[in-house]
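# Chain and residue survey
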Amino acid sequence: MAAAAMSQMSVSASSLAGGLTAVTSQLRTSRKALDVNSRTVAAPSRLATSLAGRVRCEAGKGLREVIDESTKKDITEDEIRKSMETNESEQRSYFGAKPTDGMEKAVGFVPRPEIERRPETGDKSFLSVFAFDGAAPEAINCRLAMLGMVWAFVAEKATGLTVVEQLFNPTTSGLVYFVGAVQLFTYASLVPIMNGESTDARSFGPFTARAERWNGRLAMLGFLSLVVTELIRGTPVFH
């Protein structure tokens, strides 16, 4: 009986050892498979990251060229001279009247010829660019006016303050934001002008220089009307 019991115990131990060996072997196999799978998954991930970085580098290298091809139009001296001959507004004063000898002698009453005030062919000095008929004043004022209208609408809805109160109320930082916006938009507008590029040289679909000018002019009138109305009423228009 004792011998039989010992024999059974030996068989059970052998079976248990065999089972543990099989389980250990399966765990090792599974671990190897997981390592292979992780390497397989990691490889495409690293490849995708590398390709994405390469694409970004290539896109960054040629981004300016791509934008110029899709938005920029070269304005030549011949086109400017042709515009001077055919555009009737180029032959009138600031107020739409055809200039006479007296008008032509009046300082600043008649704009300079287009070829002289264009950034592509004219003088790009500070005084010339910021002259009354220069390339900078209207472009900068139009852009600031459009920004001002959007800013006034959003800020008045959020704070319940008029435009003047937003600028000069001690509890607000409107004046700081205003000065920052003026500097930013002025600098961004001057860079292409100083590089010999007018606003008419860029267009993208409906976004043209003509549309910008008209929207900007309406925004200047609207912003001025907004400020005057709020000064008279003493309350914000957008509330």
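Computed from a prediction, not measured in an experiment: that's the story for all the values here.

### Some points on the overall build of the protein
- Scanning the protein from terminus to terminus reveals nine helices and zero strands.
- The order of α-helices and β-strands along the protein, N terminus first, is α-α-α-α-α-α-α-α-α.
- By residue count, 21% of the 239 residues in the protein fall in the buried class.
- In the protein, once contacts between residues fewer than 6 apart in sequence are set aside, the share between residues at least 24 apart is 58%.

### Some details on the environment of G174
- Here G174 is to be found in helix α8 (residues 174-194).
- Separated by 11 residues in the primary sequence, G174 and V163 have C-alpha atoms spaced 8.8 Å apart.
- Here G174 is in contact with W151, Q166 and L167, once residues within four sequence places are set aside.

### Brief notes about the side chain of T71
- Checked against the element boundaries, T71 lands in helix α1 (residues 2-71).
- We classify T71 as buried; its relative accessible area is 15%.
- Side-chain polar atoms of T71 contact the side chain of R202, separated by 2.8 Å.
- Sequence-distant contacts of T71, that is, excluding residues within four places in its chain, are made with A201, R202, S203 and F204.

### Describing the packing of helix α6 (residues 136-159) against helix α9 (residues 209-233)
- Close contact between α6 and α9 brings their axes to 8 Å; oriented N to C, the two are set at 50°. Considering the angle they form, α6 stands oblique to α9. Taken as a pair, α6 and α9 cross one another with a handedness that is left-handed. Note on element contacts: α9 touches α6 through E212, R213, N215, G216, R217, A219, M220, G222, F223, L226 and E230, opposite E138, N141, C142, R143, A145, M146, G148, M149, A152 and E156.
- Here the residues of the contact of α6 with α9 sort into nine nonpolar, five polar and seven charged.

### As for the confidence of the model for the protein
- A residue-level look at the protein finds 67% of positions with pLDDT of 70 or above and a mean pLDDT of 76.
- The secondary structure element of the protein with the lowest average pLDDT is α1, at 53, and the one with the highest is α9, at 94.
- Every residue in residues 1-13 is under pLDDT 50, and counting partners more than four places away or in other chains gives zero contacts.

### Describing a nonpolar patch on the surface
- Together, V164, F168, L175, F178, V179 and L231 line one region of the surface with nonpolar side chains, adding up to about 550 Å² of accessible area.
- Listing elements by their share of the nonpolar patch, those giving two or more residues are α7 (163-168) and α8.

### Observations regarding α9
- An ideal rise of 1.5 Å per residue puts 36 Å on 25 residues; α9 measures up with 35 Å between its terminal C-alpha atoms.
- Looking at α9, one finds that the buried residues are A209, G216, A219, L226, V227 and E230.
- The elements touched by buried residues of α9 are α6 and α7.
- At the C-terminal side of α9, G234 shows a positive phi close to 80°.

### Let's talk about the pattern of salt bridges
- One pass over the structure, following the stated rule, counts nine salt bridges.
- For E197, the salt bridge goes to K72, with nearest N and O atoms at 3.7 Å. Of this pair, E197 sits in the loop between α8 and α9 while K72 sits in the loop between α1 and α2 (77-86), and the two are 125 residues apart along the sequence.
- Linking E212 and R143 is a salt bridge whose minimum nitrogen-to-oxygen distance equals 2.6 Å.

Rules behind the numbers
- Residues numbered from 1 in each chain as written.
- Predicted model: local features only at pLDDT ≥ 70, side-chain atom pairs only at ≥ 80, totals over all residues.
- Heavy atoms only, no water.
- Helix = DSSP H or I, 4+ residues; strand = E, 2+ residues; numbered from the N terminus.
- Buried < 20%, exposed > 50% of the residue type's maximum accessible area, 1.4 Å probe, protein only.
- Contact = heavy atoms within 4.5 Å.
- Polar contact = N/O pair within 3.5 Å; in protein donor to acceptor, adjacent residues only side chain to side chain.
- Axes fitted to C-alpha atoms, helices over the stretch in contact; angles between N-to-C directions.
- Parallel < 35°, antiparallel > 145°, perpendicular 65-115°, else oblique.
- Left-handed = near helix turned anticlockwise from the far one by under 90°.
- Nonpolar A, V, L, I, M, F, W, Y, C, P; charged D, E, K, R; others polar.
- pLDDT = per-residue confidence, 0-100.
- Patch = residues over 30% accessible without salt bridge, like charges linked within 9 Å, V, L, I, M, F, W, Y side chains within 5 Å.
- Areas by Shrake-Rupley, 256 points an atom, 1.4 Å probe, with all protein chains shown as cover.
- Salt bridge = Lys/Arg side-chain N within 4 Å of Asp/Glu carboxyl O.
- Expected span 1.5 Å × (residues − 1).

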